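Next come the chains, spelled out residue by residue.
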Amino acid sequence: MTEPSGETAPEAVPPTDRPGTAAERDAEEKPETAGRPGAGDGATTPEEPGTPEHPRADGTPDAGERPETHESPGAAEDPTTPEDGTPESGTPDTGERPETEEPGAGDETRTGADRESGGDGESGADRESGAAGEPDTAEPHAGVAADGGTADAAEPGADGGAGDGGSSGDLSDAQVELAAQRELRAKIAARKAEKDGPLASGAKLSGTAADLLAAVRAVEGGAASGSSLYEAPEPATRRSAAEAAPEMTVRPPAPERPAAPAPGTTAAVREVLAEGGAPEALAVPVAAALGEGAAAVLREDPWQLLTVAGVKPEQADGFARALLGPATGPGDPRRTVALTVWLLERAALQGHTALEIQAVRAGLAGHAVPDPEEAVETAVSEAAVLVFQEEETAQDPEDDEDAEDAGEDAAAPAAEPEPAAPVLLGLDRYALAEESLADGLARLVRTATADTWEGGELERAAGAHGLVLHTGGEASRAEPVALAAAARARGLRTLVAVHADAGRRAGGADAVTVGALLSGAAGPGRDEDGAFALDLLVVLDAPQLDVETGAMLVESLPDGCRLVLSGDPEVLGAPGAGRVFADVLAARVCPRVASRVPDPGPLGELVSGIGVGELNQVEAPGKEIVIVPVRDAGEAVHRTVQLVADSVPRAIGVPSEQTQVVTVGHGGSAGTRALNAALKQRLNPGPGRFGGYDPGDRVAYAPVPGRTVTGTVLSADPEGLRLRCGDDEVLVPRDRVEPALRHGWALTAHQAAGARWPAVVVVLPGDAAGGLSRPWVYTAFGRAERHLSVVHGVDQALARAVAEGVAPERTTRLRPLLEGLLAPEEQ
């Protein structure tokens, strides 16, 4: 989960008066915890859904009857036959190339934060890559435009954050939540700093004062970013299994809302922006990002404008020339440092927590920096970025003796030296998160008390270990849920957490979302040390954990708590920076239990084949899978609306409100914006009385960057827009409606991850071919429970994506950190 720019570390507070001597207070301190294939792929295409003569009670077609083919009924009888009479199933003429539109045609210029997170699966479409031919994928963020105007707001769920630093007036609930998470990260930094540095006798504080003082010292001394080995405390006394689970501990009070930028600060920033020709709309985000002296900082270093999401380097260059005159050059140290940080922030939007130093130098050279090597050295010396190089494993002395013996034999070939570990550059926030996460996982492994649990393989592993990984498809989610139920029967305090609200039903009646758990809105409360009252936490959808969310979650677990991370490693990765689940799997530091439960039915067979790189022919007698070939993006939009509004409800029995459209990106002729506009006009037409929305509109709301909640508009009042999200009523503040809310009939695969719907329509227009990959197809097709329609216009690109389209690797440091803390186990 990314955090908005502009939030600063908490200030130190005076020591609080406590009874007793310093030694007595020290003694009281606790140990610290730190379908089928598409046209042209050589496979047959399933038939269009038709109205069954004898539907079952639930509205689905009778699987035992042969469905009507498109040759029998006329256009008026076949629900999925287009108006021009062309059947929607079958193989299109491969001799005619479909007409495609230029990717992103007509869309605004995008910025690095205006898209849904890239990384695994949506490399070509849901993040900006700069390569020609890729579709536009996101609403632009508010930023400096070339003509002096501003760009649009970012799409919800984009990594970089919708409204990141750009809201004005009263702060939203999402920002309050982020502030609370920021405070938790400050406590983590404090604990690491206290372990690394000595404390004077009698001077140790406790409670909030100690946490705040340690956080400030850690930032000032640079100790927060250093690696340190974790010394595990003594395991906590284990509760008896027969002992009843106690009531949840008292929740901490909600944090106070941080003050908005002072009017004087904003006014001064607005004056500086006007001098440089930048839009005044940037005044509030700049003031929030740079603090009280923002105007002076911006006048001294105009490239600090890059700290605001959505601003591009060429726009910051123009602003700097207007303020400083023509004497400023591309090698100005202020410019090179700001660009180095900007490159790493952009990389984080694509899932990287660090970059190889050569990649950073190449990026600087691409922005006309005359000496990239010197620029990197300057950024490191000014502590704007951190440099890492993993230590090489110590060589066994016996290996040295063998090498000497081999050297005496002239005929023996010289052993080739192993390549040195690459030098990485990263930002402090992600370095701290990865180190804290590695320390926290090691703590759970070391403090868990091994016990013998009767049951299946997963249950036995959870009883004997503090950290367990579980892998499998959608059907396998029942196994960790059953584990949680068995643990409750043993008297253990147990909780199941999921990624999205729409996925809560898969986790059981008591499941909560990870976001709600961390914010305190659901789940157990925290004790005075900030730890959850839990003995076992089961996390479903674990691949959706980014490194910052994972760090906050693990640091909130008490000593001795067991953690089970469960998920499908084939789905798209986390919308934020990092690849927590994949890194822990690769590190081999804990038991891994692979489910043997296959996903059922034709949909399960299709998705399982995609997972191993095969787009198989699948028999779908109940119209579970339908291919709808299209020639261009305009036809794709038309056929999508026809399927959602008419064909799927009539032939399959799934109403429109339970059918979800999934497409590759936000922009383009068949992106979420175009599809949502067409679907609203057909399904819920209206003038958009409430900021573009009407009661009954389906919407996608991003309460925090990287997490999307789907719901329906109920009403509006002076406070904002009221939504129905599942069983809950949610208020979207007025200042958050524009940056964080979008219509939600159509989503991207990243936004849909972690949720499933009875029917799904996946739209693949011709200009989306560059954004396809195996994880993207696997994730999109796997969102369907009963029926999948594929609006297919990418010809052979779909089969190639499944066979060859492996998502780009993310550069992270978690795996070597874990391997350094915990010796790898042979599983």
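Everything here concerns the structure above.
Residues numbered from 1 in each chain as written. Predicted model: local features only at pLDDT ≥ 70, side-chain atom pairs only at ≥ 80, totals over all residues. Heavy atoms only, no water.

A. Representation of the overall build of the protein chain. Scanning the protein chain from N- to C-terminus turns up 25 helices and 19 strands. For the protein chain, the proportion of its 827 residues judged to be buried stands at 54%. When the accessible surface of the protein chain is split by element, carbon and sulfur atoms take 50% of a total near 34300 Å². (Helix = DSSP H or I, 4+ residues; strand = E, 2+ residues; numbered from the N terminus. Buried < 20%, exposed > 50% of the residue type's maximum accessible area, 1.4 Å probe, protein only. Areas by Shrake-Rupley, 256 points an atom, 1.4 Å probe, with all protein chains shown as cover.)

B. Quick peek at the sheet that holds strand 8 (residues 562-567). The strand order 6-5-7-8-4-9 describes an open sheet built from 6 strands, whose pairing is parallel. Of all the strands in the sheet, just strand 6 (512-513) and strand 9 (592-594) have a single pairing partner and so form its edges. As paired elements, strand 5 (residues 494-498) and strand 7 (residues 536-539) share 4 bridges and run parallel to each other. Across the sheet, L495 pairs through a bridge with L537, a residue of strand 7. (Pairing = 2+ DSSP bridges.)

C. Broad picture of helix 23 (residues 774-781). With 8 of its 8 residues buried, helix 23 lies for the most part within the structure. What helix 23 keeps buried is the set R774, P775, W776, V777, Y778, T779, A780 and F781. Contacts made by the buried residues of helix 23 are with helix 18 (601-611), strand 11 (659-663), helix 22 (749-752), strand 18 (757-764), strand 19 (784-792) and helix 24 (797-804). (Contact = heavy atoms within 4.5 Å.)

D. Region of the structure containing the packing of helix 12 (residues 428-447) against helix 25 (residues 814-821). For the pair helix 12 and helix 25, the least separation of the axes is 9 Å and the interaxial angle reads 35°. Every pair of crossing elements has a handedness; the one defined by helix 12 and helix 25 is right-handed. Contact residues: helix 12 offers E434, E435, L437, A438, D439, L441, A442 and R446, while helix 25 offers L814, L817, L818 and L821. Looking at the contact of helix 12 with helix 25, its residues break down into 8 nonpolar, no polar and 4 charged. (Axes fitted to C-alpha atoms, helices over the stretch in contact; angles between N-to-C directions. Left-handed = near helix turned anticlockwise from the far one by under 90°. Nonpolar A, V, L, I, M, F, W, Y, C, P; charged D, E, K, R; others polar.)

E. Quick peek at unusual backbone geometry. Backbone geometry at D541 places phi at a positive 55°, although glycine is not the residue there. Relative to the elements of secondary structure, D541 occurs in the loop between strand 7 and helix 16 (547-555). Residue D541 is classed as buried on the basis of its relative accessible area of 11%. We note that R588 has phi near 55°; this positive angle belongs to a residue other than glycine. Counting through the fold element by element, R588 comes out in the loop between helix 17 (580-587) and strand 9. Judged by relative accessible area, R588 falls into the partly exposed class, the value being 29%.

F. Up close: the packing of aromatic side chains. Per the stated rule, a full pass over the model turns up 0 aromatic pairs. The aromatic ring of F388 is capped on one face by R813, whose charged end is 3.8 Å from the ring centroid. (Phe/Tyr/Trp six-rings, centres within 6.5 Å; stacked < 30°, edge-to-face > 60°. Lys NZ or Arg CZ within 6 Å of the ring centre and 35° of its normal.)

G. The nonpolar core, seen in detail. Core analysis: the biggest nonpolar cluster contains 85 residues, and V269, L273, L298, L537, L563, L565 and V584 have the highest contact counts within it. Here this core gets 8 residues from one element, more than from any other, and that element is helix 8 (residues 333-349). When near neighbours in sequence (up to four residues on either side) are disregarded, L298 contacts V269, V272, L273, V286, L290, Q304, L305, F319 and L323. Ranked by size, the runner-up nonpolar core spans 37 residues in total, among them L606, I625, V794 and V802. (Core = buried A, V, L, I, M, F, W, Y, C linked by side-chain atoms within 4.5 Å.)

H. Region of interest: a negative patch on the surface. Taken together, the side chains of D371, E373, E374 and E377 make up a negatively charged region of the molecular surface. Mapped onto the secondary structure, E377 falls in helix 10 (residues 372-381). (Patch = residues over 30% accessible without salt bridge, like charges linked within 9 Å, V, L, I, M, F, W, Y side chains within 5 Å. Salt bridge = Lys/Arg side-chain N within 4 Å of Asp/Glu carboxyl O. Lys, Arg positive; Asp, Glu negative; His and termini not counted. Charge placed at Lys NZ, Arg CZ, Asp CG, Glu CD.)

I. Focus on the sheet that holds strand 2 (residues 386-388). If you walk across this open sheet you meet the 3 strands as 1-3-2, and the pairing is antiparallel. Each edge of the open sheet carries a strand with a single partner, namely strand 1 (354-356) and strand 2. This sheet shows a mean twist of 30° between the axes of neighbouring strands, independent of strand direction. Packed on one face of the sheet, helix 9 (residues 357-366) meets strand 1 and strand 3 (424-426) and runs near 85° to strand 1.

J. Spotlight on the side chain of D697. Summarising the element assignment, D697 is placed in the loop between helix 20 (672-683) and strand 12 (698-704). Relative accessible area serves as the criterion here: at 0%, D697 is assigned to the buried category. A polar contact is formed between the side chain of D697 and the side chain of N684, at a distance of 2.5 Å. Side chain to side chain, D697 and H743 meet in a polar contact 3.0 Å long. Residues within four places of D697 in sequence aside, it is in contact with K680, N684, G692, G711, T712, V713, H743 and W745. (Polar contact = N/O pair within 3.5 Å; in protein donor to acceptor, adjacent residues only side chain to side chain.)

K. The pairing of strand 7, seen in detail. Taking every second residue as pointing to the same face, both faces of strand 7 are buried, with L536 and V538 on one and L537 and V539 on the other. As judged from the 4 bridges shared by strand 7 and strand 8, these two strands associate in the parallel manner. The partner of V539 across the bridge, within strand 8, is L565. Handedness of the crossover is the feature at issue here: the chain leaves strand 7, passes through helix 16, returns alongside strand 8, and the resulting connection is right-handed. (Right-handed = clockwise from strand over helix to strand, strands pointing away.)

L. View of the pattern of salt bridges. Taken as a whole and assessed by the stated rule, the structure comprises 28 salt bridges. The residue R270 makes a salt bridge to E280 at a minimum N-O spacing of 3.9 Å. Of this pair, R270 sits in helix 4 (residues 263-275) while E280 sits in the loop between helix 4 and helix 5 (283-290), placing them 10 residues apart in sequence. Its relative accessible area of 31% is what places R270 among the partly exposed residues. In this structure, R334 and D332 form a salt bridge, with 2.9 Å as the shortest nitrogen-oxygen distance. What you see here is one network of salt bridges that share partners, running through E474, R477, D541, R756 and R783.

M. Summary view of the packing of helix 9 against helix 10. Between helix 9 and helix 10, the least distance of the axes is 9 Å, while the angle of their chain directions is 115°. It follows that helix 9 is roughly perpendicular to helix 10 by the angle criterion. Handedness of the helix 9/helix 10 crossing: right-handed. Taking contact as the criterion, the partners of I357, V360, R361, L364 and A365 in helix 9 are, on helix 10, P372, E373, A375 and V376. Classifying every residue of the contact of helix 9 with helix 10 by side-chain character gives 7 nonpolar, no polar and 2 charged. (Parallel < 35°, antiparallel > 145°, perpendicular 65-115°, else oblique.)

N. Looking closely at the pairing of strand 8. Counting buried residues in strand 8 gives 6 out of 6 residues, a clear majority hidden from the surface. Side chains of strand 8 alternate between two faces, with R562, V564 and S566 and L563, L565 and G567 buried alike. Summarising the sheet, strand 4 (residues 467-471) and strand 8 pair through 5 bridges and their orientation is parallel. Residue pairing in the sheet places V468 in a bridge with V564 of strand 8.

O. Quick peek at the environment of L432. When you line up the elements, L432 lands in helix 12. Residues L432 and E548, 116 residues apart in the sequence, show an inter-C-alpha distance of 8.8 Å.

P. Geometry of helix 9. Buried within helix 9 are the following residues: I357, V360, G363 and L364. Take helix 9 and look down its axis: the buried residues cluster within an arc of 120°, on one side only. Away from the buried face of helix 9 by more than 90 degrees, exposed residues A362 and G366 are located. Of the surrounding elements, those touching the buried residues of helix 9 are helix 8, strand 1, helix 10 and strand 3. A368 lies just past helix 9 and shows a positive phi near 65°. (Arc of directions from axis to C-beta.)

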